[in-house]
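An overview of the molecular structure
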Amino acid sequence: MKTLTTDVAIIGAGPVGLFQIFELGLQGLSTVVIDSLPEIGGQCSELYPDKPIYDIPALPNAKASEVIDNLWQQAAIFDPTFLLAERVEHIEKVSEHSFIVTTHKQTQIHCRAVVIAAGNGAFSPVKLKLPLIDKFEDTQLFYRISNIEHFRDKNVVVLGGGDSALDWSLTLQKTAKSVLLIHRSSHFKAVKSSVNKMYELCEQLKMQFLCGQVSSFQEKENKLIGLTITSKDGVNRRVELDELVVLFGMSPKLGPIDNWQLEMHQHQIKVDTQSFQTSVTGIYAVGDINYYPGKRKLILSGFHEAALAAFSIAETVLEKDRIPTLYTTTSPVVHQRLGVEHSLEEMLS
Ligand code: FAD
């Protein structure tokens, strides 16, 4: 079991969780950030990385992925520890300023406060809905590729019609024995160049594409050996395979958060707007996951919430009545934390 110790555990590495690192860093507090996704950025990275956002203050037009890059650049200075591809399952309150956060991999984070920046919940892969197929998960059925070598010289079937399905089909095609892409229609949600490349490779007989849906699977001696594919006109086809990769996209699930015994309002965590603390002292909630009268699920609202939560956490953890507002422009204390030194003359000029 891995154990980490920090001032604050942040659950969620979406835009608001990332800004929370920075705001806590300004207060001199260290952070561990946990996300169920293997990369940072939450909805921005997972759902719309290439779409421009127009309402981030001082960034008139930036792609969602650029907003995340900038947030990371700003937060990195405080050297947070990331636990990616780990889902938080439990929060245990040990005493007034002591918590243990546990992930599904049994990693434990000992901390003095917890910030839940969990958006609409933990992103997890949309599963293939076929009874009993899940027994092959992680041996022959994969929802994510972490080791491409596993597929070398194998007959691979890829399901899906988005960017990941197309990108992985094109990549696997270089080393697998065969690649068959199956999608329910010939309309793809992927960039045109990838779709064109896929058709080009099919023309050259370097891979195959089949339009239809998986209706059943075949197994032999506990091994997945084939699928039945039903096309729109009702014709069934059998395909043989060694490995099955399902890339139907990711969807957020509130999951364990519902069991953390926090006061909720329609699947959002109730907070007070002075501190963004939840109904449990020492546990805070910021960004899309929280609720208060007038709440708007916007990135800029989350930024404001993260700033006020950081002040409140600093006051509680450092046991101070009120933390003064320090300007990043002029405060020597903040400059020291940011690692930027300015002479007195510079600051006064
Ligand atoms: P999220 O971005 O949802 O991140 C939460 C993270 O927490 C996720 O990565 C999730 O995996 C993780 N997580 C949740 N539970 C757990 C757990 N138990 N363990 C570990 N990890 C967990 N907003 C704007 O302001 N302007 C826009 O123009 C705009 N355009 C949008 C366009 C689209 C198509 C969509 C879908 C949203 C848009 N939004 C926009 C909304 C914006 O993306 C959200 O407000 C923002 O992403 C919320 O950030 P967050 O950090 O609170 O949550």
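Calculation rules
- Once a new chain begins, its residue numbering starts again from 1 and follows that chain's sequence as written.
- Two thresholds apply to this predicted model, a pLDDT of at least 70 for residue-level local features and 80 or more for giving and counting side-chain atom pairs, whereas whole-chain, interface and lining totals are computed over all residues.
- Hydrogens and waters are ignored; side-chain quantities use all the structure's heavy atoms.
- A run of DSSP states H or I qualifies as a helix once it reaches four residues; a run of E qualifies as a strand once it reaches two. Both are numbered from the N-terminal end.
- The contact criterion used throughout is that any non-hydrogen atoms of two residues lie within 4.5 Å.
- Here the Shrake-Rupley method, with its probe set to 1.4 Å, supplies the accessible areas, and only the displayed protein chains count as covering residues.
- Charge counting treats Lys and Arg as positive and Asp and Glu as negative, with His and both chain ends excluded.
- A charged residue contributes its charge at one atom only: NZ of Lys, CZ of Arg, CG of Asp or CD of Glu.
- We define proximity as follows: a residue is near a molecule or strand when any one of its heavy atoms falls within 4 Å of that partner.
- Throughout this description, a polar contact denotes any pair of N or O atoms lying within 3.5 Å of each other; where both atoms belong to protein, one of them has to be capable of donating a hydrogen while the other can accept it, and for residues adjacent in sequence the pair is counted only when both atoms sit in side chains.
- Each residue is assigned to one of three classes by its accessible area relative to the maximum for its type, calculated with a 1.4 Å probe on protein chains only: buried under 20%, partly exposed between the two thresholds, exposed over 50%.
- Nonpolar cores were defined as sets of buried Ala, Val, Leu, Ile, Met, Phe, Trp, Tyr and Cys residues, with membership established by side-chain atoms within 4.5 Å.
- A pairing counts as a salt bridge when a side-chain nitrogen of Lys or Arg comes within 4 Å of a carboxyl oxygen of Asp or Glu.
- Between any two strands, pairing holds if DSSP finds at least two bridges.
- Helix axes use the C-alpha atoms of the stretch in contact, all axes being lines fitted to C-alpha atoms, and the angles between their N-to-C directions lie in the range 0 to 180 degrees.
- Left-handed describes a crossing in which the near helix is turned anticlockwise from the far one by less than a right angle; the clockwise case is right-handed.
- Ten residues, namely Ala, Val, Leu, Ile, Met, Phe, Trp, Tyr, Cys and Pro, are considered nonpolar, four, namely Asp, Glu, Lys and Arg, are considered charged, and the remaining ones, Gly among them, are considered polar.
- Domain extents, as shown, originate in an automatic or database domain assignment.
- Side-chain rings of Phe, Tyr and Trp, where Trp is taken by its six-membered ring, are said to pair if the distance between their centres is within 6.5 Å; with planes under 30 degrees apart they count as stacked, over 60 as edge-to-face, and otherwise as tilted.

To continue, consider the overall build of the chain. A count of helices and strands for the chain gives eight helices and 24 strands. Expressed as a percentage of contacts within the chain between residues at least 6 apart in sequence, the contacts between residues at least 24 apart total 57%. When the accessible area of the chain is evaluated, it comes to approximately 18200 Å², of which 50% is carbon and sulfur surface. Across the chain, the 33 positively charged side chains and the 40 negatively charged ones have centroids separated by 8 Å.

On to the site of the ligand, then. Not every one of the 31 residues close to the ligand is listed here, only the nearest: Asp35, Gln43, Tyr48, Val88 and Asp288. Here an oxygen atom of the ligand sits 2.8 Å away from a polar atom, N or O, in the side chain of aspartate 288. Relative to its unbound accessible area of 1000 Å², the ligand is 86% covered by the protein chains. The set of elements that each furnish at least two residues to the shell around the ligand consists of helix 1 (15–26), strand 3 (31–35), helix 2 (42–46) and strand 11 (122–125).

Quick look at unusual backbone geometry now. Located in the positive-phi region is alanine 58, a residue other than glycine, with phi close to 70°. Checked against the element boundaries, alanine 58 lands in the loop between strand 4 (52–53) and strand 5 (62–63). Of note in this structure, aspartate 153 is not a glycine but carries a positive phi near 60°. A residue is classified by how much of its surface remains accessible, and aspartate 153, at 54% relative accessible area, is exposed.

Let's shift gears to the nonpolar core. Within the largest apolar cluster, 65 residues are counted, with the highest numbers of intra-cluster contacts made by Ile34, Ile91, Val101, Val114, Ile116 and Ile313. One finds Ile145, Val158, Leu170 and Ala176 within the second-largest nonpolar core, a separate group that totals 21 residues.

Turning our eyes to something else, we now look at the pattern of salt bridges. Throughout the structure, instances matching the rule amount to eleven salt bridges. Among the ionic pairs, lysine 93 bridges to glutamate 96, the shortest N-O distance being 3.9 Å. Overall, lysine 93 belongs to the partly exposed group, its relative accessible area being 33%. Of the residues examined, glutamate 96 reaches a relative accessible area of 44% and is grouped as partly exposed. For arginine 152, the salt bridge identified is with glutamate 149, shortest N-O distance 2.8 Å.

This part is about the sheet that holds strand 22 (residues 268–270). An order of 21-22-24 is seen for the three strands of this open sheet, with the pairing classed as mixed. With partners counted over all chains shown, the strands left at the sheet margins are strand 21 (264–265) and strand 24 (290–291), one partner each. Sheet topology note: the strand 21/strand 22 ladder contains two bridges and is antiparallel. Looking at strand 22, one finds that histidine 265 is bridged to glutamine 268.

The next subject is the environment of glutamine 108. Mapped onto the fold, glutamine 108 is located in strand 9 (residues 108–111). Apart from residues lying up to four places away in sequence, glutamine 108 is in contact with Met1, Lys2, Thr3, Leu4, Ile100, Val101 and Thr102.

The N-to-C vectors of helix 1 and helix 6 (residues 299–317) enclose an angle of 35°; their axes lie 9 Å apart at closest approach. By crossing handedness, the relation of helix 1 to helix 6 is classed as right-handed. From helix 1, Pro15, Val16, Phe19, Gln20, Glu23 and Leu24 reach across to helix 6, where they touch Ile299, Gly302, Phe303, Ala306, Ala307, Ala309, Ala310 and Ile313. Partitioning the contact of helix 1 with helix 6 into residue classes produces eleven nonpolar, two polar and one charged.

Quick look at the domain arrangement of the chain now. Each assigned domain of the chain is listed with its residue range as follows: domain 1 (3–124 + 251–318) and domain 2 (127–248). Here domain 1 and domain 2 have C-alpha centroids that lie 35 Å from each other.

The side-chain alternation of strand 19 (residues 243–246) yields two buried faces, one formed by Glu243 and Val245 and the other by Leu244 and Val246. Sheet topology places strand 12 (residues 141–142) next to strand 19; two bridges connect them, and they run parallel. Bridging across to strand 19, leucine 141 finds its partner in leucine 244. As paired strands, strand 13 (residues 155–159) and strand 19 are joined by four bridges and run parallel to one another. By the bridge assignment for strand 19, valine 156 is matched with glutamate 243.

A few words on the sheet that holds strand 18 (residues 236–240). Where strands meet in a sheet, backbone hydrogen bonds hold them as pairs that are either parallel or antiparallel. Here we have three strands laid out as an open sheet, ordered 16-17-18, and antiparallel in their pairing. Where the open sheet ends on each side, the last strands, each with one partner, are strand 16 (213–220) and strand 18. Looking at each pair of strands side by side, their axes are set apart by 25° on average, direction ignored. Of the strand pairs in this sheet, strand 17 (residues 223–230) and strand 18 are connected by five bridges, and their pairing is antiparallel. Looking at the pairing, isoleucine 229 lines up with arginine 237 of strand 18.

What follows concerns the packing of aromatic side chains. Tallied over the full model, the rule gives ten aromatic pairs. Ring plane angle 85° and centroid distance 5.7 Å describe the contact between phenylalanine 136 and phenylalanine 217, whose orientation is recorded as edge-to-face. Here phenylalanine 217 lies in strand 16 and phenylalanine 136 lies in the loop between strand 11 and strand 12, a separation of 81 residues in the sequence. Residue phenylalanine 217 is classed as buried on the basis of its relative accessible area, which comes to 17%. Relative to phenylalanine 209, the ring of tyrosine 199 has its centre 6.1 Å away and its plane inclined at 90°; by these criteria the two rings are edge-to-face. A residue pair is termed long-range when its members are at least 10 positions apart, and tyrosine 199 in helix 5 (residues 192–203) and phenylalanine 209 in strand 15 (residues 208–211) qualify at ten residues. Put simply, the rings of Phe19, Phe22, Phe78 and Phe303 pair up and form one aromatic cluster.

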